[in-house]
Amino acid sequence: LIVAGGGGGGGGGQNLVGASGAGAGGYLFFSNQTLTSSTPYSVTVGGGGTAGVAGPGGASGGQGNPSTFNSSTATGGGGGVRFGLNGNNGGSGSGCDYANSAGSGTPGQGNNGGIGGNAPYFGAGAGGGAGAPGGTGSTSNGGTGGSGTASPISGTPVTYAGGGGGGAYSFGTGGLGGAGGGGNAGNGQGSADAGSPGSPNTGGGAGGASNNAAGGTGGSGIVIIRYAGATELATGGSISTPSGYVVHTFTGGGTFTTNAATLRYLIN
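The shown structure was predicted, so the numbers you read here are calculated from the model rather than taken from an experiment.

Concerning the sheet that holds strand β6 (residues 72-74)
Strand pairing in a sheet relies on backbone hydrogen bonds, with the paired strands running either antiparallel or parallel. With respect to topology, five strands assemble into an open sheet ordered β6-β5-β4-β13-β10, the strand pairing being antiparallel. Because the sheet does not close on itself, it has two edges, and the strands there are β6 and β10 (234-235). In this sheet, β6 lies alongside strand β5 (residues 67-69) in antiparallel orientation, the contact comprising three bridges. Considered in β6, the bridge of S67 is made with A74.

Here's what the structure looks like:
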């Protein structure tokens, strides 16, 4: 399982409209992969995108960073944007306002962001998730982040790569983050309200801000490698042994090194 970092939520400006939710980091799952014995494999775990700052007009959040293993790369999530801009592409794309285009997801890794509500109130669109596109904003409320995808690879099903909620218009309600670590958006309610961050090690996109507030920071990614049996056939990461498997979990960069005595590993 390879999950990239989620995008940072858009920052709000002083024009009372919400900023969009960020896209989730790309989600990749492979089975029955063959690795070479006595070989080190580099692992990169992408950090979440930076939060969009508050200020006149607002500011866009940063793109999530990619995660890599064994020549495969999950693409970072698209950063949420301020009013008046197209959404950013990524593993999953970020949302936008009603008059622009939402960001596109990477095929096989995620989904598109959502668009905002119509005039005159402009609730922002949400970020896409690995399992569903970002929700559309209403005239005053932000869209709900796209849901992520569940994986049982660690022994217990965990949902990863949910999209960030879209920010609200001045007196509206911010969109909820998608299942899988997506951050909630800021509520309007007549005051500035920041977007929430994506959850760490899920690749969740951050929520967008409402009014003159900052967006959230994107959730960092994760890489998990699993093979059948009870014997550790490699080193690297945090190792656990759920029934019938050995699991190596990387929440930061490192090296997965196969054992010299074993010729072939099937990562199930």
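On we go from here.
A short note on the packing of aromatic side chains
Summed over the entire model, instances satisfying the criterion amount to four aromatic pairs. When the ring of Y41 is compared with that of F69, the centres are 6.0 Å apart and the planes differ by 50°; the resulting orientation is tilted. Remark: F69 occurs in strand β5 and Y41 occurs in strand β4 (residues 40-44); sequence separation between them is 28 residues. Accessibility assignment for this pair places Y41 and F69 in one class, buried. Their ring planes at 85° and their centres at 5.9 Å tell us that F69 and F256 sit as a pair that is edge-to-face. Here the residue F69 occupies a position in strand β5, and F256 occupies one in strand β13 (residues 254-258), the gap between them amounting to 187 residues. Since its relative accessible area comes to 2%, F256 is described here as buried. Here the aromatic cluster, defined as three or more aromatic residues joined through ring pairs, consists of Y41, F69 and F256. In this structure, R226 packs its charged tip against the face of Y245, placed 3.8 Å from the ring centre.

A few points about the layout of surface pockets
The space that makes up the largest pocket amounts to roughly 150 Å³. As for the largest pocket, its lining consists of 11 residues, of which L1, I2, F30, Q33 and F69 are closest to the centre. Of the residues that constitute the lining of the largest pocket, the class distribution is eight nonpolar, three polar and no charged.

Details of the nonpolar core
Core analysis: the largest hydrophobic core is formed by 17 residues, its most contacted members being V43, F69, V223, F250 and F256. When contributions to this core are tallied by element, the ones reaching two or more residues are β4, β9 (222-228) and β12 (245-250). A total of three residues in this core trace back to one element, the largest contributor, which is β9. With residues up to four places along the chain from it excluded, the contact list for F69 reads I2, L35, Y41, S42, V43, V223, I225 and F256. Counting residues in each nonpolar core, the second largest holds 11 residues, with V3, A130, I222 and I224 among its members.

The rules behind these values
- Residues numbered from 1 in each chain as written.
- Predicted model: local features only at pLDDT ≥ 70, side-chain atom pairs only at ≥ 80, totals over all residues.
- Heavy atoms only, no water.
- Pairing = 2+ DSSP bridges.
- Helix = DSSP H or I, 4+ residues; strand = E, 2+ residues; numbered from the N terminus.
- Phe/Tyr/Trp six-rings, centres within 6.5 Å; stacked < 30°, edge-to-face > 60°.
- Buried < 20%, exposed > 50% of the residue type's maximum accessible area, 1.4 Å probe, protein only.
- Lys NZ or Arg CZ within 6 Å of the ring centre and 35° of its normal.
- 1 Å grid on protein atoms, 1.4 Å probe; cavity = no way out; pocket = protein on both sides within 12 Å on 5 of 7 lines; lining within 4 Å.
- Points joined across faces, edges and corners; volume = space filled by probe spheres on them.
- Nonpolar A, V, L, I, M, F, W, Y, C, P; charged D, E, K, R; others polar.
- Core = buried A, V, L, I, M, F, W, Y, C linked by side-chain atoms within 4.5 Å.
- Contact = heavy atoms within 4.5 Å.

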